[in-house]
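# Coordinates in review
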Amino acid sequence: MKHTHNHDHGRSHADGQTTSPRLVPVRFEFNDPNATTVCVAGTFNNWQPEAKELHSSKIGLWWKETALPPGTYEYCFVVDGRWTPDPSAKDSTPNPFGGRNSVLTV
């Protein structure tokens with residue numbers, strides 16, 4: 001998973017209202033030459049893997065580009081139906097199912 005470090009928090013208007021934070025480009029990557037489907041599910045999509053299916057390079061590299069508001073998110077890859085933490089994630093946390101979720105800070 002990669003993302004830019006351009007954090008632009010909401011800006012105030014003259015009338016005191018704040019605009020929404022800008023979205024930050026994020027690229028999820030996973031490498032598995034034997035996988036037939038790879039999705040990413042997390043707090044950013046209500047843990048719905050079908051909402052973010054990764055694209056295949058046909059040689060084992062899977063990727064998905066998206067944009068998220070600044071914040072901290074938990075996620076896992078779903079590889080052929082198996083929930084798998086991101087092996088390249090810097091942080092992870094235990095989940096209620098006895099496994100681990102990767103942690104992404106945007």
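Residues numbered from 1 in each chain as written. Predicted model: local features only at pLDDT ≥ 70, side-chain atom pairs only at ≥ 80, totals over all residues. Heavy atoms only, no water.

## What about the packing of aromatic side chains?
Operational definition: Note on aromatic pairs: the rings of Phe, Tyr and Trp (six-membered ring only in Trp) are paired at centre separations within 6.5 Å, and the planes decide the class, stacked below 30 degrees, edge-to-face beyond 60, tilted for the rest. Elements are defined by DSSP. Helices are runs of H or I of four residues or more, strands are runs of E of two residues or more, and each kind is numbered from the N terminus. Only protein chains enter the accessibility calculation, which uses a 1.4 Å probe. A residue is then buried if its area is under 20% of the maximum for its type, exposed if over 50%, and partly exposed in between.
On inspection of all chains with the given rule, the structure shows seven aromatic pairs. For the pair Phe30 and Phe77, a centre-to-centre distance of 5.0 Å together with 50 degrees between the ring planes defines the contact as tilted. Within this pair, whereas Phe30 is found in strand S2 (residues 24–31), its partner Phe77 is found in strand S6 (residues 72–79), the two being separated by 47 residues in sequence. Assigned by exposure class, Phe30 and Phe77 land together as buried.

## Quick notes on the nonpolar core
Going by this rule: What makes a nonpolar core is a set of buried Ala, Val, Leu, Ile, Met, Phe, Trp, Tyr and Cys residues whose side-chain atoms join them at distances within 4.5 Å. The criterion used for residue contact is that any of the two residues' heavy atoms lie within 4.5 Å.
Residues Phe28, Val38 and Phe77 are the most contacted members of the largest nonpolar core, which totals 17 residues. Of all the secondary structure elements, the ones that give two or more residues to this core are S2, strand S3 (38–42), strand S5 (61–68) and S6. If we skip the residues at most four places from it in the chain, Val38 touches Phe30, Glu53, Leu54, Trp62, Phe77, Val78 and Val79.

## So, the side chain of Thr66
The condition that has to hold: Definition of a polar contact: a pair of N or O atoms within 3.5 Å, with one able to donate and the other able to accept a hydrogen when the atoms are protein atoms, and with sequence-neighbouring residues admitted only if both atoms are side-chain atoms.
Here Thr66 shows up in strand S5. At 3.0 Å, the side chain of Thr66 forms a polar contact with the side chain of Lys52. Here Thr66 is in contact with Val24, Pro25, Val26, Phe28 and Lys52, once residues within four sequence places are set aside.

## Here's the deal with the side chain of Asn95
Mapped onto the elements, Asn95 comes out in the loop between strand S8 (91–94) and strand S9 (100–105). Here the side chain of Asn95 touches Gly98 through a polar contact of 3.3 Å, landing on its backbone nitrogen. The contacts of Asn95, once residues within four sequence positions are left out, are Arg100 and Asn101.

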